[in-house]
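Coordinates in review
One-letter residues, chain by chain:
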Amino acid sequence: MGGSLAGLLAAHVLAGHADRVTVVERDRFPAGTGPRPGVPQARHPHVLLEGGQVALESLLPGFVAELRAAGAPRVGMPSDLVQQQDGRWFRRLPATTHIYTGSRAQLEELVRRRVLANPLISVAEKTEVTGLLGDARRVRGVLVRERSGDARGTRQVLEADLVVDASGAGTKAPQWLTAVGAEAAREETIETGLAYSSRVYRGPNGVLDGDTRGYYVYPSPAQVYAGGALPLEDGTHLVVVSGLRGDEPPTDGDEFVTYVRKRLPHPLLHRWLGEAEPLTPAFAFRRTANIRRRYDLPGRRPAGFLAIGDALCTFNPIYGQGMAVAAMSAVVLRDALAGPRRSPTTRRVQKALLAASRQAWDISAGSDRSMPGAVGNALAAGPADRVADRYLRRVLERYPGDPVVGPAFRSVLGLCAPVTSLFAPSVARAVLFGPPAPTPAEPPTAPEVPGR
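A short note on the overall build of the protein
- Per the secondary structure count, the protein includes 13 helices and 20 strands.
- Relative to the compact-globule value of 22 Å for 452 residues, the protein shows a C-alpha radius of gyration of 22 Å, a close match.
- Overall, the protein is about 65 × 50 × 45 Å in size when its C-alpha atoms are taken along their principal axes.
- A fraction of 73% describes how many contacts in the protein between residues 6 or more apart in sequence connect residues 24 or more apart.
- With the model as given, the accessible surface of the protein reaches about 20000 Å², and the carbon-plus-sulfur share is 52%.
- If the 55 positive side-chain charges of the protein are averaged to one point and the 44 negative ones to another, these points end up 5 Å apart.

Comments concerning the pattern of salt bridges
- Enumeration over the complete set of coordinates arrives at 19 salt bridges.
- Notably, a salt bridge pairs Glu108 with Arg112, separated by 3.9 Å at the nearest N-O pair. Of this pair, Glu108 and Arg112 both sit in helix α4 (residues 104–115), four residues apart, which is roughly one turn of that helix.
- The class for Arg112 is buried, based on a relative accessible area of 7%.

Quick word on the nonpolar core
- Ranked by size, the top nonpolar core spans 90 residues in total, and within it Leu9, Val111, Leu132 and Phe305 carry the most contacts.
- Among the elements that take part in this core, helix α8 (residues 322–338) stands out by supplying nine residues, more than any other.
- Sequence-distant contacts of Leu132, that is, excluding residues within four places in its chain, are made with Val139, Gly141, Val142, Val163, Trp176, Leu177, Val180 and Phe305.
- Val82, Tyr201, Tyr259 and Leu264 belong to the second-largest nonpolar core, a separate cluster that totals 27 residues.

Quick notes on the environment of Gly274
- Secondary-structure assignment places Gly274 in helix α7 (residues 268–275).
- For the pair Gly274 and Val257, spaced 17 residues apart in sequence, the C-alpha to C-alpha distance is 8.6 Å.

Quick notes on the packing of aromatic side chains
- Going through the model one piece at a time under the given rule, you end up with nine aromatic pairs.
- Taking the centre distance of 4.8 Å and the plane angle of 85 degrees together, the rings of Tyr399 and Phe409 count as edge-to-face. Remark: Phe409 occurs in helix α12 (residues 405–413) and Tyr399 occurs in the loop between α11 (383–398) and α12; sequence separation between them is ten residues.
- Residue class for Phe409 comes out buried when judged on its relative accessible area of 7%.
- Members of the aromatic cluster, connected to one another through ring pairs, are Phe90, Tyr216, Tyr218, Tyr399 and Phe409.
- We note Arg43 situated over the ring of Phe283; from NZ or CZ to the ring centre the distance is 4.6 Å.

Quick look at the sheet that holds strand β11 (residues 186–190)
- The three strands are arranged β11-β18-β20 in an open sheet whose pairing can be described as antiparallel. Two strands bound the open sheet, and with one partner strand each, they are β11 and β20 (313–314).
- Looking at chain direction, strand β18 (residues 290–294) and β20 are connected through two bridges and run antiparallel. Among the inter-strand pairings, Arg292 is bridged to a residue of β20, identified as Cys313.

Notes on helix α9 (residues 346–356)
- Inspection of α9 places Val349, Gln350, Leu353, Leu354 and Ala356 among the buried residues, and these make up the whole buried set. All buried residues of α9 fall inside an arc of 155 degrees around its axis, so they share one side.
- Here the buried face of α9 lies against β18, β19 (305–307), α8 and α10 (358–369).

Some details on the packing of helix α1 (residues 5–14) against α4
- Here α1 crosses α4 at 20 degrees, and the two axes come no closer than 10 Å. Taken together, the axes of α1 and α4 are roughly parallel relative to one another. Classified by chirality, the crossing of α4 by α1 is left-handed. On α4, the residues that touch Leu5, Leu8, Leu9 and His12 of α1 are Arg104, Leu107, Glu108, Val111, Arg112 and Val115.
- Taken together, the residues of the contact of α1 with α4 sort by class into six nonpolar, one polar and three charged.

Focus: the side chain of Ser79
- Structurally, Ser79 is set in the loop between β2 (74–77) and β3 (81–85).
- If we skip the residues at most four places from it in the chain, Ser79 touches Arg92, Leu93, Pro94, Ala95 and Pro447.

As for the sheet that holds strand β7 (residues 127–134)
- One open sheet holds the three strands; their spatial order is β7-β8-β9, and the pairing between them is antiparallel. In this open sheet, the two strands that pair with only one neighbour each are β7 and β9 (156–159). Geometrically, the sheet is characterised by an average inter-axis angle of 35 degrees between neighbouring strands, direction not taken into account.
- Relative to strand β8 (residues 139–146), β7 runs antiparallel, the two being bridged by seven bridges. Residue pairing for β8: Glu128 is matched across the bridge by Arg145.

Quick notes on the side chain of Asp296
- Summarising the element assignment, Asp296 is placed in the loop between β18 and β19.
- Those residues in contact with Asp296 that sit more than four places away from it in its chain are Arg347, Lys351 and Leu354.

Rules used in this analysis
- Residues numbered from 1 in each chain as written.
- Predicted model: local features only at pLDDT ≥ 70, side-chain atom pairs only at ≥ 80, totals over all residues.
- Heavy atoms only, no water.
- Helix = DSSP H or I, 4+ residues; strand = E, 2+ residues; numbered from the N terminus.
- Rg over C-alpha atoms; globule rule 2.2 N^0.38 Å.
- Contact = heavy atoms within 4.5 Å.
- Areas by Shrake-Rupley, 256 points an atom, 1.4 Å probe, with all protein chains shown as cover.
- Lys, Arg positive; Asp, Glu negative; His and termini not counted.
- Charge placed at Lys NZ, Arg CZ, Asp CG, Glu CD.
- Salt bridge = Lys/Arg side-chain N within 4 Å of Asp/Glu carboxyl O.
- Buried < 20%, exposed > 50% of the residue type's maximum accessible area, 1.4 Å probe, protein only.
- Core = buried A, V, L, I, M, F, W, Y, C linked by side-chain atoms within 4.5 Å.
- Phe/Tyr/Trp six-rings, centres within 6.5 Å; stacked < 30°, edge-to-face > 60°.
- Lys NZ or Arg CZ within 6 Å of the ring centre and 35° of its normal.
- Pairing = 2+ DSSP bridges.
- Arc of directions from axis to C-beta.
- Axes fitted to C-alpha atoms, helices over the stretch in contact; angles between N-to-C directions.
- Parallel < 35°, antiparallel > 145°, perpendicular 65-115°, else oblique.
- Left-handed = near helix turned anticlockwise from the far one by under 90°.
- Nonpolar A, V, L, I, M, F, W, Y, C, P; charged D, E, K, R; others polar.

Worth remembering: the numbers are spatial, not functional.
If you want it as structure tokens, here you go:
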């Protein structure tokens, strides 16, 4: 259910185990790389973290080279960006990880082309799921109808041995499961009220400043406004600015620029906007809560039904984790189905899928828990969390300038190293006993060159 990145990659994996896989997509796929109507965040910044790159390459060999050939910008961290957090500029040390900052539409189109080339996979476009078939013991398919604008349209039966919910954060699975006598999953939520607006600009000569690929000011409890400019595949830059509830960024063009000037702690981005040409209106996005659906917990839930992607775990998009977790979850699904020792029961696979999103949840929800005005039923932190939070605060103090702590933390944020790597002896020594390294007093205009 859903032709999202998570849905397409799940279909790709399942095609190795089934006679036929059907992707039910409520919208019509765009002919090229335009935004998909069912992705309200498509016009906003997306990054593909290194953990997602590794997962996509494992699922679709050669994909990363294909992405680069299509022009997706590969941005070295921290060398290529001018970054600031809590008033401190990051040193532009040599890159230890890379992200891709091209549009989501481009990446989805490349994945869609590869996945749908498989003759075992078919697509029912402009078709919406209206309910599940089966009972509390087992799901046996879905009810669908064509999206013709008639809510009373004829519903059809689509039988299936396995139904995968990849319909996104707005999933209706809780109602559908209840309707067949099963229990909906308990939801954990943390919501900060974060809201952002985005607009595409073209700068002079298509660049920012020489060797600088992008700008970014990160939010924190002490500095809640954030924003920056990230490169797209066509030489333009996607500019985003964010605030919290009650002071949301506007979509009016002049007010958008004024908000950047008044809210961000440094005029760097505002100065660039004065020289750049706006190419699109500003678009707003407001649905940024962290939501985790605990299908792994005991309950009356049917076999033959799995949730994946945002239908399972939704993250505050400002952390850029969604696409990476979708790909990593598909790898986990592949490995669970291929495991020779244990039968891949619905509950066992669902627990594995939730585990694939745990690190991203800990980063996103853990950071948002400390933001002012955060609400939700998952705000409470236990004693272990409080100890970890104290250690993490020391990590964050050293992250912008320390050549040992910085790479370790970037690997964790990029979902390509476990959180435990922050406790490696060399990192722990720097965190616990070393002072924070000096950082630039002004925005660094160029990457640092080793030995100079």
